[in-house]
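Observations on the three-dimensional arrangement
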Amino acid sequence: MPVRTISMRAMQVMVDLVMDLLDRIATEAASILELEGKDTLTLSEVKTGARLALRDGKDGEHSCHHYLEI
């Protein structure tokens, strides 16, 4: 069975993609906290932040839907 590898550049692209998505989720969750006047981040804000960050944008520019297709 052949060994499958990923190049360093491809791995860095994957890391950058994940970091960008996590940053978007954290930014949305922080905005929710600010709007609600809360000090503590809970799972609810993270879930809502993820839904907002991964929403299917109508213009396609702000959509992460294509990342989720298999």
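None of these values were measured; they are calculated from a predicted model.

Regarding the overall build of the protein
Helix and strand counts for the protein come out as 3 helices and 0 strands. When the elements of the protein are put in sequence order from the N terminus, they spell out α-α-α. Residue pairs at least 24 apart in sequence account for 31% of intrachain contacts in the protein once pairs closer than 6 positions are excluded.

So, the side chain of Glu45
For Glu45, the location among the structural elements is in helix α2 (residues 43–53). Not counting residues up to four positions away in its chain, the partners in contact with Glu45 are Ala29, Ile32, Leu33, Glu36, Lys38 and Thr40.

So, the packing of helix α1 (residues 8–36) against α2
Here α1 crosses α2 at 120°, and the two axes come no closer than 8 Å. Here α2 runs oblique to α1, going by the angle between their axes. Crossing of α1 against α2: the hand is right-handed. The residues of α2 that touch α1, namely those facing Arg24, Ile25, Glu28, Ala29, Ile32, Leu33 and Glu36, are Glu45, Val46, Thr48, Gly49, Ala50, Leu52 and Ala53. Residue composition of the contact of α1 with α2, by class: 8 nonpolar, 2 polar and 4 charged.

What counts and what doesn't
- Residues numbered from 1 in each chain as written.
- Predicted model: local features only at pLDDT ≥ 70, side-chain atom pairs only at ≥ 80, totals over all residues.
- Heavy atoms only, no water.
- Helix = DSSP H or I, 4+ residues; strand = E, 2+ residues; numbered from the N terminus.
- Contact = heavy atoms within 4.5 Å.
- Axes fitted to C-alpha atoms, helices over the stretch in contact; angles between N-to-C directions.
- Parallel < 35°, antiparallel > 145°, perpendicular 65-115°, else oblique.
- Left-handed = near helix turned anticlockwise from the far one by under 90°.
- Nonpolar A, V, L, I, M, F, W, Y, C, P; charged D, E, K, R; others polar.

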